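# Working through the structure, step by step
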Amino acid sequence: MPFHGYHHITATVTNARADVDFHVGLLGLRNVKRTVLLDGKRPFYHLYYGNEHGEPGTLLTSFVFGKDRPEGRRGSGQVSSISLSVPTNSLSFWADRFAARGIAYREFELLGRRRLWFAHPDGIEYQLVGVDSDVRPPWDKSDVPPAAAIRGVHSVTVCTREVDELNMFLLDGMGLDSIDTDGSVSSYAMAQGHAGQLVEIDHRPDVAQGSWGYMRNTIDHVAFDIREAQAQLGFKDRLEAMGFIDVTEPRDRNYFYSVYFRTPAGAMFEATRSHPLGFLKDEELDSLGSCLQLPQWIEERQPELLAEINTLEPLD
Ligand SMILES: [Fe+2]
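Quick summary incoming for the structure in this document. (Residues numbered from 1 in each chain as written. Predicted model: local features only at pLDDT ≥ 70, side-chain atom pairs only at ≥ 80, totals over all residues. Heavy atoms only, no water.)

## Observations regarding the overall build of the protein chain
When its secondary structure is counted, the protein chain shows 6 helices and 16 strands. Scaling as 2.2 N^0.38, a compact globule of 316 residues should have a C-alpha radius of gyration of about 20 Å, and the protein chain matches this with 19 Å. Its C-alpha atoms put the protein chain at 55 × 50 × 35 Å along the principal axes. Considering only contacts within the protein chain whose residues lie at least 6 apart along the sequence, 69% involve residues at least 24 apart. Surface summary for the protein chain: the accessible area is close to 13,600 Å², and the carbon and sulfur share equals 49%. (Helix = DSSP H or I, 4+ residues; strand = E, 2+ residues; numbered from the N terminus. Rg over C-alpha atoms; globule rule 2.2 N^0.38 Å. Contact = heavy atoms within 4.5 Å. Areas by Shrake-Rupley, 256 points an atom, 1.4 Å probe, with all protein chains shown as cover.)

Structure, rendered in structure tokens:
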């Protein structure tokens, strides 16, 4: 099994300031990097949130599209929810925090875990999942008490109207184990199956296909931590040998190297290994996320690119 857990989860959002307020101000995560996405000709903010070092498995990232991109359609073949791990006895703290800020939430139980459902200002669905055995160190310099702080990603939920091929892909392609089912939701495990090593599949036969490509206000993709270059290439070969040839070459994403692969349900996954320096590549630990950082290859395209970046919404 090549995967150690999650690396990062990336959503597409409309407004940068609201995104920072949500992840830093409400959830108490650290903004560990401010950079830009440049897959086309126009740059967009790419914002990263996590624990102190921005370790894999604690990372949520946002592409900020403004209103330049159409709003995505949520549906089958997409990640439908991001679940974050918190101590079980902190769920009442979080419910009070949401209530005090007028944020809608719902308490429920699924797969044996107490949970709180809530949403990002752009409608992206989140859950806090109560876990008592999560030893990952949280960011402890927010106004959330460390005893209640988010430990990292618990899982994601993938919504799909057809489950058989995705099930086979997770088991035989990615090497996950099937562990439990509760109603329409089944869970799968990587590694030891701890928080941050779980994938949930919501089988919803009546849901229409969600949108593809860069659309805003959806969850764009999910990255899994594969760590070794050989394992990353071996995984690509394994998928291709199974006939899943929608797999990219490793791409340099400045702080990590990514192989993107499309699942049979349509959701975009990524097999990711961090750069040895991670987010310390271009900033000191104490000042992570304090200034916009541009990859060297983008800086070589100055000044027309900087002029574009200067038109983006101010972050402070
Ligand atoms: Fe990614």
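Read on for the rest.
## Quick look at the coordination of the iron ion
In this structure, His8 (NE2), His221 (NE2) and Glu270 (OE) serve as the protein donors to the iron ion, at separations of 2.1 Å. The motif formed by the donor residues of the iron ion, counted along the single chain, is H-x212-H-x48-E. Placement of histidine 8 in strand 1 (residues 6-13) and of histidine 221 in strand 13 (residues 218-225) is noted, with a sequence separation of 213 residues between them. Residues histidine 8 and histidine 221 agree in their burial class; the two are buried. (Donors = N, O, S within 2.8 Å, 3.2 Å for Na, K, Ca; no water. Buried < 20%, exposed > 50% of the residue type's maximum accessible area, 1.4 Å probe, protein only.)

## Side note on the nonpolar core
Membership of the largest hydrophobic core comes to 67 residues, with the highest contact counts inside it found for Leu27, Trp94, Leu128, Met174 and Phe261. Counting residues in hydrophobic clusters, the runner-up holds 7 residues, among them Tyr48, Tyr255, Phe279 and Leu288. (Core = buried A, V, L, I, M, F, W, Y, C linked by side-chain atoms within 4.5 Å.)

## Notes on helix 2 (residues 91-100)
Of all the residues in helix 2, the buried ones are Leu91, Trp94, Ala95, Arg97 and Phe98. Projected down its long axis, helix 2 shows its buried positions confined to an angular sector of 160 degrees, all on one face. Residues Asp96 and Ala100 are exposed on helix 2 and point more than 90 degrees away from its buried face. Contacts made by the buried residues of helix 2 are with helix 1 (16-26), strand 5 (78-86), strand 6 (106-110), strand 7 (113-119) and strand 8 (125-130). Looking one or two places after helix 2, you find glycine 102, whose phi comes out positive at around 70 degrees. (Arc of directions from axis to C-beta.)

## Description of the pairing of strand 12 (residues 198-203)
The buried fraction of strand 12 is high, at 5 of 6 residues. Bridging between strand 9 (residues 152-160) and strand 12 involves 6 bridges; their strand directions are parallel. What sits directly across from valine 158, in strand 12, is isoleucine 201. The sheet contact formed by strand 11 (residues 185-189) and strand 12 spans 5 bridges and is antiparallel. What sits directly across from alanine 189, in strand 12, is leucine 198. (Pairing = 2+ DSSP bridges.)

## A closer look at helix 4 (residues 229-241)
Given a rise of 1.5 Å per residue, 13 residues ought to cover 18 Å, and the 18 Å separating the end C-alpha atoms of helix 4 matches this to within 8%. Those residues of helix 4 lying buried are Gln232, Phe235, Lys236 and Leu239. Buried positions in helix 4, seen along its axis, are confined to an arc of 100 degrees and lie on one side of it. In this structure, helix 4 carries Gln230 and Ala241 as exposed residues pointing more than 90 degrees from its buried face. At the exit of helix 4 stands glycine 243, carrying a positive phi of roughly 95 degrees. (Expected span 1.5 Å × (residues − 1).)

## So, empty space enclosed by the protein
Summed over the entire model, instances satisfying the criterion amount to 1 cavity of 30 Å³ or more. Of the volumes computed, that of the largest cavity is approximately 50 Å³. In the lining of the largest cavity, the residues fall into 5 nonpolar, 5 polar and 1 charged. (1 Å grid on protein atoms, 1.4 Å probe; cavity = no way out; pocket = protein on both sides within 12 Å on 5 of 7 lines; lining within 4 Å. Points joined across faces, edges and corners; volume = space filled by probe spheres on them. Nonpolar A, V, L, I, M, F, W, Y, C, P; charged D, E, K, R; others polar.)

## Notes on the environment of histidine 154
With respect to the element layout, histidine 154 can be found in strand 9. For histidine 154, a relative accessible area of 3% gives the class buried. It is 23 Å that separates the C-alpha atoms of histidine 154 and histidine 275, two residues lying 121 residues apart in sequence. Separated by 2.8 Å, the side chains of histidine 154 and serine 155 make a polar contact. (Polar contact = N/O pair within 3.5 Å; in protein donor to acceptor, adjacent residues only side chain to side chain.)

## Here we look at the pairing of strand 4 (residues 59-64)
Of all 6 residues making up strand 4, 6 are buried, and the element is well covered by its neighbours. On strand 4, burial covers both faces: Leu59, Thr61 and Phe63 on one face and Leu60, Ser62 and Val64 on the other are all buried. With 6 bridges joining them, strand 1 and strand 4 adopt parallel strand pairing. Across the sheet, residue isoleucine 9 finds its bridge partner in strand 4, namely leucine 60. Relative to strand 4, strand 3 (residues 44-50) runs antiparallel, the two sharing 5 bridges. Residue pairing in the sheet places leucine 47 in a bridge with serine 62 of strand 4.

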